[in-house]
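Fold and geometry: a report
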Amino acid sequence: MEMLARLKDKARTVLRIASNQTVDDAICLMAGSKVSALIVTENDQPAGIFSERDVFHTYLTNKSTAFSEINLENSMTRNFIVAETEDAVTAVMARMIKTDIKYLPVIEDKKIVGMLTIRDLMEHQIDSLTDEIHQLKDYIADLHEAGQD
């Protein structure tokens, strides 16, 4: 069973923004940093996540209000799901698919150490399965070759 700890190279840097900042501030940070999700903090502690999906939801529920007038505390997703570095990759993928989330903060020693996307996990699984297929093909070829001697 492969653990998330092996995916540290895939985990993106976690960008944080305070909940008293605006949706406009978050969008500018996301665009400037080329990320799709931010950890929202209150008193320097993680309180939620703000992603592209939250931008759309905020727009649809506040069409007449400028993003510069809406605080993140009113637009972020508070009940965000996290994974621990000891969690199995397949279990985390299943959890993300079941809960329909795209971004997953990864914690270690009660601190967020990275952010993974469902795409990161799928790419990792595809690479692992491709390696396994090549190993099995080599094994079968070796068995076939040994049988011909």
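Residues numbered from 1 in each chain as written. Predicted model: local features only at pLDDT ≥ 70, side-chain atom pairs only at ≥ 80, totals over all residues. Heavy atoms only, no water.

1. Looking at the confidence of the model for the protein
When pLDDT is averaged along the protein, the result is 89, and 92% of the positions lie at 70 or above. Element-level pLDDT for the protein is lowest in helix H4 (residues 118-147), with a mean of 87, against a maximum mean of 97 in helix H1 (residues 23-33). (pLDDT = per-residue confidence, 0-100. Helix = DSSP H or I, 4+ residues; strand = E, 2+ residues; numbered from the N terminus.)

2. Notes on the pairing of strand S5 (residues 103-108)
In summary, the side chains of a regular strand alternate between the two faces of the sheet. The buried fraction of S5 amounts to five of the six residues, a majority that puts the element mostly inside the structure. Taken together, the two bridges between strand S4 (residues 83-84) and S5 define a ladder with parallel strand orientation. Considered in S5, the bridge of Ala 83 is made with Val 106. Alignment of S5 against strand S6 (residues 111-117), held across six bridges, turns out to be antiparallel. Opposite Pro 105, over in S6, you have Met 115 as the bridge partner. In sequence, S5 turns back onto S6 through a hairpin of two residues, with Asp 109 there showing a positive phi of about 55 degrees. (Buried < 20%, exposed > 50% of the residue type's maximum accessible area, 1.4 Å probe, protein only. Pairing = 2+ DSSP bridges.)

3. Notes on a nonpolar patch on the surface
The grouping of Leu 136, Tyr 139, Ile 140 and Leu 143 at the surface amounts to a nonpolar patch, some 420 Å² of accessible area in total. You can see Tyr 139 is positioned in helix H4. (Patch = residues over 30% accessible without salt bridge, like charges linked within 9 Å, V, L, I, M, F, W, Y side chains within 5 Å. Areas by Shrake-Rupley, 256 points an atom, 1.4 Å probe, with all protein chains shown as cover. Salt bridge = Lys/Arg side-chain N within 4 Å of Asp/Glu carboxyl O.)

4. Remarks on unusual backbone geometry
Positive phi outside glycine occurs at Lys 34, with the angle close to 55 degrees. With respect to the helices, strands and loops of the structure, Lys 34 is situated in the loop between H1 and strand S2 (37-42). Its identity is not glycine, yet Asp 109 carries a phi of approximately 55 degrees, on the positive side. On the basis of relative accessibility, which here comes to 70%, the residue Asp 109 falls in the exposed class.

5. Section: the nonpolar core
Counting residues in each nonpolar core, the largest one holds 12 residues, listed as Ile 17, Val 23, Ala 26, Met 30, Leu 38, Val 40, Ala 47, Phe 50, Val 55, Ile 70, Leu 72 and Met 76. Elements with a minimum of two residues in this core: H1, S2 and strand S3 (45-51). A per-element tally of this core places H1 first, with three residues. With residues up to four places along the chain from it excluded, the contact list for Val 55 reads Ile 27, Phe 50 and Phe 67. If you look at the next biggest cluster of nonpolar residues, it comprises 11 residues, including Leu 4, Leu 104, Leu 116 and Leu 121. (Core = buried A, V, L, I, M, F, W, Y, C linked by side-chain atoms within 4.5 Å. Contact = heavy atoms within 4.5 Å.)

6. Some thoughts on the side chain of Ser 51
Here Ser 51 shows up in strand S3. Its relative accessible area of 10% is what places Ser 51 among the buried residues.

7. Observations regarding the pattern of salt bridges
What the rule picks out here adds up to four salt bridges. Salt-bridge contacts for Glu 42 lead to Arg 78; the nearest nitrogen and oxygen are separated by 2.9 Å. Of this pair, Glu 42 sits in strand S2 while Arg 78 sits in the loop between helix H2 (52-61) and S4, and the two are 36 residues apart along the sequence. The salt bridge involving Arg 119 is made with Glu 123; its shortest N-O contact spans 2.9 Å. Of this pair, Arg 119 and Glu 123 both sit in helix H4, separated by four residues, roughly a single helical turn. The exposure class assigned to Glu 123 is partly exposed, which follows from its relative accessible area of 30%.

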